[in-house]
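Letter by letter, the chains look like this.
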Amino acid sequence: MSEILLKEMETVSVGSGKSEDRRHGARSFLLVDEQENLQVHDEADFVEKLGCVDVAGVKVLSIFGNTGDGKSHTLNHILFGGASVFYTSKSPSSCTVGVWAAYNPSLSLIALDTEGLLGAAAKQNQRMRLLLKVLAISDIVVYRTRAERLHNDMFQFLSSASRAYLKHFTHELKALSSRCGLDGPLSTLGPAVMVFQETTHTQLLGHEGAGHADTLLQRRFHDLGLETEAFSSIQYVGTQTITPPTNYSGLLEAVEQQVKNTHTRSPRQPGIVFQALEALSERFCGELSDDKMTLCSFFPDEYFTCSSVCLSCNIRCKKGMNHLRDRVPHMADGLCQYAHQYSNKVLICKRCYEGGREVIVVPKTSASSDNPWLSLAKYAWSGYVLECASCGVIYRSRQYWMGNQDPESSVVRSEVKHVWEDSDAFLTSHQNAAQRVLDGMNFVIQSVSEYSTGPTKAVTAWLTDQVAPPYWRPNAEIAACHGCQKEFQEAERKHHCRSCGEGFCHPCSSHRMPVPERGWGSSPVRVCQTCYRQGGPTESNSQVSKVEPRGLIARRVTEVAQSTLDMVSMAVDYPLCFVKDVARPDYWVPDQNITQCHECSRVFTPAMSKHHCRACGQGVCGPCSTHIKPVPSRGWDHPVRVCDACFSCTDGM
């Protein structure tokens, strides 16, 4: 058989210098290289190189087969009268690398010559994926073989191509039809397949009767348990060549019939062919690692699906390649496993989940509606909160003195999520909780230094009201001393008489005496001058003297704990850098990796402060991060420092 092929090649007179001729004067051109890169600039360039600028509709024929079986030679003879439009060679190496294209004006047919299968070439996985992209845009596919008997490899190749076409390419081609404004999809079915077999000594398939060959071919697929649902038809064309040259008349007749057949595949504009190939090239591209391939078929799913794997459980994403461009998140089958270094356990609001929505809640130091002045005190007193975007605050860890339920048994359900390298949707919200506490402390500390002791008094007043006995007048209602009627200044402390519960200044409440009738025991406590002279509460107030002793117990505990708030003013000079490394969120660039401002590229000196943008996590200088704004996507409900670029950006904050 090899002698026959060599003799035929000699008859077309193509020598070793023909590659130069093809680059300078022949009608075929390189459409896609072996790296899957398009070699034409745009649609106009594609149509001009083909020479079909004024053609309204064309069909596409592509040819496949093992290397050395004469695919280029076959195209030259059935479409171009034997002219060497596609390069052929006597060389033992493959003469066709990538995908080459030419146009037949008499049939309005674009011919695509592909690289041979089973060739000794590098990056075999990408080359195989390229073949399927060519098959997907074709109307007619010729599988050329010189095998004396049809091998199982051919059947497996076609079946794998059919399965991959339906699974990965149908959606993309439908989307292209919509973008191009076509009435329907590019095709209701895949291409028509022709198996062209040339033998020398073996009888052809179905030689016993006409039409029997196609049935035998289909039966062979069935016996091997292989499907070909994607193809509109599968046809067998055979020729026996005892003495060269090969008779291509049967194949040419079959091709002409398929070109005229418009029931399943209609001619389309040449520009749409290019758009289809361009869309598939953009969607299915990128390196394919050989060590991650599951080579159970000619076209494994790894050729066309996302290459990302879960960092926690190592399961591969099941979405298509480059799905993040369409803002489609990663997704994987099966449950994930918890990994402490990724903190991939999330809490989901139970009420929303039962209503058909998945709303992730994050432990935070304060609710989004809390005043920043008071949030730190609330966190110290009531613990962390769980806030749902729909339901509001659904849990406080220390809401009651005793008997607080675990949130997973009442308001949330836990779930372990997959962790993707290029996605941090839930990780950042969990892992910046410590930094939010530091920012809250820093906010209070800065306020103390800038506005004297006013903020500290506001926090103290709020905390006092939370645990005050029922007979105490709330701090918010006390504008002047109940004794001397002097108005309180902003930084002036308000004192409550333990006997009558009114608010006084320090001089008017400097006396101390036991008030056991109010539940304060036998120890002397602060009282006003009037109650001190009277020796206790009046008769009208004595009726409520024993109300809620628990509130008094809480107050006594608070008076001991309250002194810690006074230490805030002493923390102005405390170097927060000692704890920053522990509290830093994962998406922040470490200080040691920051050498220059991310915005202005100014090199940091030892005297310059490095600031982190709460939105992007990059290190910036002070002048480039003067703005503040909430960043709820990162878990910052209150205005925080952001860089100039993130401040001007309104998308996704």
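Residues numbered from 1 in each chain as written. Predicted model: local features only at pLDDT ≥ 70, side-chain atom pairs only at ≥ 80, totals over all residues. Heavy atoms only, no water.

For the protein chain, the name recorded in an unreviewed UniProt entry is FYVE-type domain-containing protein, with Nothobranchius korthausae as its organism.

Q: For this particular structure, what's the right way to read the overall build of the protein chain?
A: Looking only at helices and strands, the protein chain features 19 helices and 21 strands. Buried positions account for 46% of the 653 residues belonging to the protein chain. Taking as baseline every contact in the protein chain between residues at least 6 positions apart, the subset at least 24 positions apart corresponds to 65%. Counting every atom, the protein chain has about 32900 Å² of accessible surface; 51% of that belongs to carbon and sulfur. (Helix = DSSP H or I, 4+ residues; strand = E, 2+ residues; numbered from the N terminus. Buried < 20%, exposed > 50% of the residue type's maximum accessible area, 1.4 Å probe, protein only. Contact = heavy atoms within 4.5 Å. Areas by Shrake-Rupley, 256 points an atom, 1.4 Å probe, with all protein chains shown as cover.)

Q: Got a minute to help me understand the sheet that holds strand β1 (residues 29-32) in this structure?
A: Note: strands within a sheet are paired through backbone hydrogen bonds, in either parallel or antiparallel orientation. Pairing in this open sheet of seven strands is mixed, and the strands run β1-β3-β4-β2-β5-β6-β7 from one edge to the other. With one partner strand each, in any of the chains shown, β1 and β7 (231-240) form the two edges of the open sheet. For this sheet the average axis-to-axis angle between neighbouring strands, irrespective of direction, equals 25 degrees. For β1 and strand β3 (residues 99-104), the ladder comprises three bridges, and the chain directions are antiparallel. Across the sheet, the residue bridging to Val32 is Val99, located in β3. Against the sheet, helix α3 (residues 43-50) contacts β1, β3 and β4 (109-113), and its axis sits at roughly 145 degrees relative to β1. (Pairing = 2+ DSSP bridges. Axes fitted to C-alpha atoms, helices over the stretch in contact; angles between N-to-C directions.)

Q: Got a minute to help me understand the pattern of salt bridges in this structure?
A: For side chains of opposite charge, pairing can occur when their charged atoms come near one another. Scanning the entire structure with this criterion turns up 12 salt bridges. We note a salt bridge from Glu358 to Lys417, for which the minimum N-O separation is 2.9 Å. Residue Glu358 is found in the loop between α10 (350-354) and β9 (360-361), and its partner Lys417 is found in the loop between β13 (412-416) and α12 (427-431); the two are separated by 59 residues along the sequence. A salt bridge links Arg473 to Glu502, with the nearest nitrogen and oxygen atoms 2.7 Å apart. With Arg473 in the loop between α14 (454-467) and β14 (495-496) and Glu502 in the loop between β14 and β15 (503-504), this pair connects stretches of sequence that are 29 residues apart. For Arg473, a relative accessible area of 34% puts it in the partly exposed group. One network of salt bridges, in which partners are shared, links Glu358, Arg413, Glu415 and Lys417. (Salt bridge = Lys/Arg side-chain N within 4 Å of Asp/Glu carboxyl O.)

Q: Even after reading the chapter, I still don't get helix α9 (residues 270-283), so can you show me in this structure?
A: Residues spaced three or four apart along an α-helix face the same direction, because each turn holds 3.6 residues. Spanning 14 residues, α9 covers 20 Å between terminal C-alpha atoms, matching the ideal 20 Å at 1.5 Å per step. Of the positions making up α9, those classed as buried are Pro270, Gly271, Ile272, Val273, Phe274, Ala276, Leu277, Ala279, Leu280, Ser281 and Arg283. (Expected span 1.5 Å × (residues − 1).)

Q: Looking at this structure, how should I read the side chain of His611?
A: With respect to the helices and strands, His611 occurs in strand β18 (residues 611-612). A distance of 3.4 Å separates polar atoms of two side chains, one belonging to His611 and the other to Arg641. Excluding its chain neighbours within four sequence positions, the residues that come into contact with His611 are Gln618, Gly619, Val620, Cys621, Gly622, Ser625 and Arg641. (Polar contact = N/O pair within 3.5 Å; in protein donor to acceptor, adjacent residues only side chain to side chain.)

Q: Mind showing me how you'd approach the pairing of strand β5 (residues 140-145) here?
A: Sheet faces and side chains relate simply in a regular strand, where the side chains alternate between the two faces. Of all six residues in β5, six are buried, a share of seventy percent or more. Neither face of β5 is open: one carries Ile140, Val142 and Arg144, the other Val141, Tyr143 and Thr145, and all of them are buried. Here five bridges tie strand β2 (residues 59-65) to β5, and the two strands are oriented parallel to one another. When the bridges of β5 are listed, Gly65 appears paired with Arg144. Alignment of β5 against strand β6 (residues 190-199), held across six bridges, turns out to be parallel. Each residue of the ladder has a partner; that of Ile140, found in β6, is Ala192.

Q: When you look at helix α7 (residues 212-223) in this model, what are you seeing that I'm missing?
A: With 12 residues, α7 ought to run about 16 Å at 1.5 Å a step, and its terminal C-alpha atoms sit 16 Å apart, in line with that. Ala213, Leu217 and Phe221 are the residues of α7 that are buried. Angularly, the buried residues of α7 cover 85 degrees about the axis, an arc narrow enough to put them on a single face. Along α7, the residues that are exposed and aim more than 90 degrees away from the buried face are His222 and Asp223. (Arc of directions from axis to C-beta.)

Q: Mind showing me how you'd approach the packing of aromatic side chains here?
A: Two aromatic rings, taken as a pair, are described by how far apart their centres are and by the angle between their planes. In total, this model carries six aromatic pairs according to the counting rule given. Both rings, one in Phe64 and one in Phe157, keep their centres 6.0 Å apart while their planes meet at 50 degrees; by these two values the pair is tilted. With a gap of 93 residues between them, Phe64 in strand β2 and Phe157 in helix α6 (residues 152-180) connect regions that are remote in the sequence. Exposure remark for Phe64: the relative accessible area of 1% places this residue in the buried category. In this structure an aromatic cluster arises from ring pairing among Phe64, Tyr143 and Phe157. (Phe/Tyr/Trp six-rings, centres within 6.5 Å; stacked < 30°, edge-to-face > 60°.)

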